[in-house]
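Single-letter residue listing:
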Amino acid sequence: MSADQRQDYNKQDFNKVDVLIVGAGPAGLAAAISAKRWRPELDVCVIDKAPAPGNHVLSGAVLEPGALARLLDPIRPAWRASKEAKAVLSARVEQDDILLLLGRKRSFALLPLLKVARALGLGYGRMIHGGDYVCSVSRLVAWLTQVAIELGVEVFHGFAAADILWDEKTGQAAGVKLGDQGRNRQGEPQRNFLAGATIMTDFIVLAEGCDGLLSEKFVDKAGLKRASVQLYSLGIKELLQVNPEQYRKFSATRVVHAMGYPLWTPLVGPDTFGGGIMYPMAENRIAVGIIVGLDYRYCDFNPQDALTLFKEHPRVKQYIDGATVVEAGAKMIPEGGWDAVPRCPYTGAIGRGNVVLLGDSAGLVNMLKIKGLHNAIESGIAAAAALRHLSARPNSGAEERGQDGKPIQSPWSAEGEQGSRRGFAAAYTAELEKTGVVREMAEAKNFRQIIAKFGTLAGMMLALGGRLLPRLQLDPDYTHLIATPYPSRQRPARPFDKEAFTAQARTGHREEEPGHLLISGYAVCRDHCLGKFSAPCISFCPAGVYEKIGEQPRPANPSNCLHCKTCQRKCPYDNIRWTEPEAGGGPRYIMM
């Protein structure tokens, strides 16, 4: 939060708002913008733990244009021609390279097969990205933040949510508790101590992104259930400055998605789900990344080593050889699909009472399309559509009218204010169904589970009839590690430089703040994990947070943390917990 924002915050009373949105990513901002468009009299407040807009968001990203158009057309009809749009949406995809890498040098183009799949109505046809936008999500968020503020939304950065005030008796939440600031490493208040305030609200929208702290607390407190366990992957991305000739050769309208080497080699192994990406990002910059399913098996596997090998493949290296890394980052992706979306066991709603889950907080990533940004925006619009008829101020005197001039009657108005709040989650889910997001998610519901269950080769074939297969029950990602090292033939010549990677993420936390990465039982690490698995947290953490000090693995460098949450979901003994850090820390992405 800027100094001006803090002064404004101190002058105003935001301890009670109509609508509180936790998370200033694409989903949360889409909800705020749409809610303020439809109900300008509502107090809509967005809080985010990042120090500035876009600092904590990272994605591929290829964006389907329809969702953004539905968000912005009603309020900014000429947005496509604006300088902001041109800066954020660098190009439309004209050349879509979808490859199977067959080892260190060979490759096979999959696009012709995917076009046949599309013609036959098969799910794999949805992997084609022609016509989509190539997008910087960090810049998109910065842009949408400004749009929201201009509409009257209060957007505050540097505020970390610590807990949700859930009342089981009423089936509703009263508000959100913010985290304290100004404690030392031992947790004792310092001179600058500021106790976390409590924000009371009528409606809560959780849009924190993948594995959100408050979202998962809400799922537990409200008794939401997943039909199938959530599966995760880790996305690791670098933004590379290349020379003009390399960029011209790659082209500003091409995207590359690759599977196979170095993560999966049929028959001989290894068999790890995932793949590589390359996107043009304007200004002679190319984004290169690797996405690795966290159900991988090898105890000492470092996903960043896979990124190194991907960059060395001839289909990639020709465009980035000699390039300079100008930004880097990492983030988890929820891949479990529709069955892993937490639902209310009583109503089937994606939320409960007056609380809803949006975007990656709900798990609305379509793995057949390899994207979820459009669904995040659509879920925000759906939440606002539900709020359109659920007034947080039932006696405010505001009356919405249709095109015929007659008042629009809310189907929940007869229930009064309390009934209106209780109907929010159900109304949101109904609106989400209207957008097509639920249908899209259901069509891809078994894709990732089938591959996790049967392996990549068999799974990719069985996934052709995935909708016909029954629901699969799987174990969490952390249960799959085995006490076997990664094959030496699949390792790069030099270990990945995590220190340089972290520096390019510009991450940081106040050195004296309490550590937010907690090991539940150090004896488990020392007596079990170290001997069997050799402390895999040291390998899989992309920021080098964990080190072995003496005979004990510890989160020795918490200030390096990228907030990716990998350690919480991959520790083989489920022994690490990610708690809220002091607000304003973490990565500071600009172009990711």
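Residues numbered from 1 in each chain as written. Predicted model: local features only at pLDDT ≥ 70, side-chain atom pairs only at ≥ 80, totals over all residues. Heavy atoms only, no water.

**Some remarks on the packing of helix H12 (residues 373–388) against helix H14 (residues 424–435)**
The criterion, for reference: Only the stretch in contact is used when fitting a helix axis, every axis being a line fitted to C-alpha atoms; angles between N-to-C directions are given from 0 to 180 degrees. Runs of H or I in DSSP of at least four residues are treated as helices and runs of E of at least two as strands, each being numbered from the N terminus. When describing relative orientation, an angle under 35 degrees is termed roughly parallel and one over 145 degrees roughly antiparallel, while 65 to 115 degrees is termed roughly perpendicular and anything else oblique. Definitions for this section: a left-handed crossing has its near helix turned counterclockwise from the far helix by less than a right angle. A right-handed crossing has that turn clockwise. In what follows, a contact means two residues having at least one pair of non-hydrogen atoms within 4.5 Å.
Look at H12 against H14: their axes get within 8 Å of each other, and the N-to-C directions meet at 130 degrees. Here H12 is positioned oblique relative to H14, judged by the angle of their axes. As for how H12 packs across H14, the hand of that crossing is right-handed. On H14, the residues touching Glu378, Ser379, Ala382, Ala383, Ala385, Ala386 and Leu387 of H12 are Phe424, Ala427, Tyr428, Glu431, Leu432 and Thr435.

**Here we look at the confidence of the model for the chain**
Formally: On a range of 0 to 100, pLDDT expresses the predictor's confidence in each residue.
Overall, the prediction assigns the chain a mean pLDDT of 90, with 93% of residues at 70 or greater. Overall, residues 5–13 carries pLDDT values under 50, and its contacts beyond four positions in sequence, including any with other chains, amount to 11 contacts. The low-confidence segment residues 392–416 (pLDDT under 50) makes 30 contacts with residues lying over four places distant or belonging to another chain.

**Considerations on the packing of aromatic side chains**
Between two aromatic rings, the relevant description is the distance of the centres plus the angle of the planes. This is how the line gets drawn: What counts as a ring pair is set by centres within 6.5 Å for rings of Phe, Tyr and Trp (its six-membered ring), and what kind of pair is set by the plane angle: stacked under 30 degrees, edge-to-face over 60, tilted for all other angles. We call a charge positioned over a ring when the NZ of a Lys or the CZ of an Arg lies within 6 Å of the ring centre and within 35 degrees of the ring normal.
In total, this model carries 12 aromatic pairs according to the counting rule given. An aromatic cluster of three or more residues is present, and its members are Tyr296, Tyr298, Phe301 and Tyr486. When the ring centre of tyrosine 133 is taken as origin, the NZ or CZ atom of arginine 92, which lies over that ring, is 4.6 Å away. The ring of tyrosine 298 carries the charged tip of arginine 297 above its face, separated from the ring centre by 5.5 Å.

**A word on unusual backbone geometry**
Where we set the bar: Here's how the labels work: a residue is buried when its accessible area is under 20% of the maximum for its type, exposed when over 50%, partly exposed in between, all with a 1.4 Å probe on protein chains only.
Cis rather than trans, the peptide bond between tyrosine 261 and proline 262 has omega equal to 5 degrees. If you trace the backbone, proline 262 turns up in the loop between strand E15 (254–260) and strand E16 (274–280). The phi dihedral of lysine 565 is positive, around 75 degrees, even though this residue is not glycine. Mapped onto the fold, lysine 565 is located in the loop between strand E23 (552–554) and helix H21 (566–570). Lysine 565 gets classed as buried once you look at its relative accessible area, which sits at 7%.

**Some details on the pattern of salt bridges**
As a reminder of what qualifies: In the sections that follow, a salt bridge refers to a side-chain nitrogen of Lys or Arg positioned within 4 Å of a carboxyl oxygen of Asp or Glu.
Overall, the coordinates contain 32 salt bridges when judged by the stated rule. Between glutamate 64 and lysine 371 there is a salt bridge, with the nearest N and O atoms lying 3.7 Å from each other. Of this pair, glutamate 64 sits in the loop between strand E3 (62–63) and helix H3 (65–72) while lysine 371 sits in the loop between helix H11 (359–362) and H12, and the two are 307 residues apart along the sequence. With respect to burial, glutamate 64 and lysine 371 carry one shared label: buried. Between arginine 421 and aspartate 202 there is a salt bridge, and its shortest N-O distance comes to 2.3 Å. Here the residue arginine 421 occupies a position in helix H13 (residues 416–422), and aspartate 202 occupies one in strand E13 (residues 198–206), the gap between them amounting to 219 residues.

**Observations regarding the layout of surface pockets**
Selection rule: Cavity: a set of points on a 1 Å grid over the protein atoms alone where a 1.4 Å probe fits but cannot get out. Pocket: an open set with protein on both sides within 12 Å along at least five of seven lines, its lining residues, like those of a cavity, having an atom within 4 Å of a point. Grid points are joined across faces, edges and corners, and a volume is the space filled by probe spheres set on the points. Think of it as three bins: nonpolar holds Ala, Val, Leu, Ile, Met, Phe, Trp, Tyr, Cys and Pro, charged holds Asp, Glu, Lys and Arg, and polar takes everything else, Gly as well.
Of the volumes computed, that of the second largest pocket is approximately 610 Å³. Lining the second largest pocket are 21 residues; nearest its centre among them are Glu238, Thr308, Lys311, Glu312 and Arg494. Contributions of two or more residues to the lining of the second largest pocket are made by strand E14 (232–241), helix H9 (303–312), helix H10 (314–320), strand E18 (324–334) and helix H18 (498–505). The residue makeup of the lining of the second largest pocket, split by class, is 11 nonpolar, three polar and seven charged.

**Regarding helix H7 (residues 213–221)**
Looking only at H7, the buried set comprises Leu213, Leu214, Ser215, Glu216, Phe218 and Val219. Phi turns positive one or two residues past the end of H7, at glycine 223, with a value near 70 degrees.

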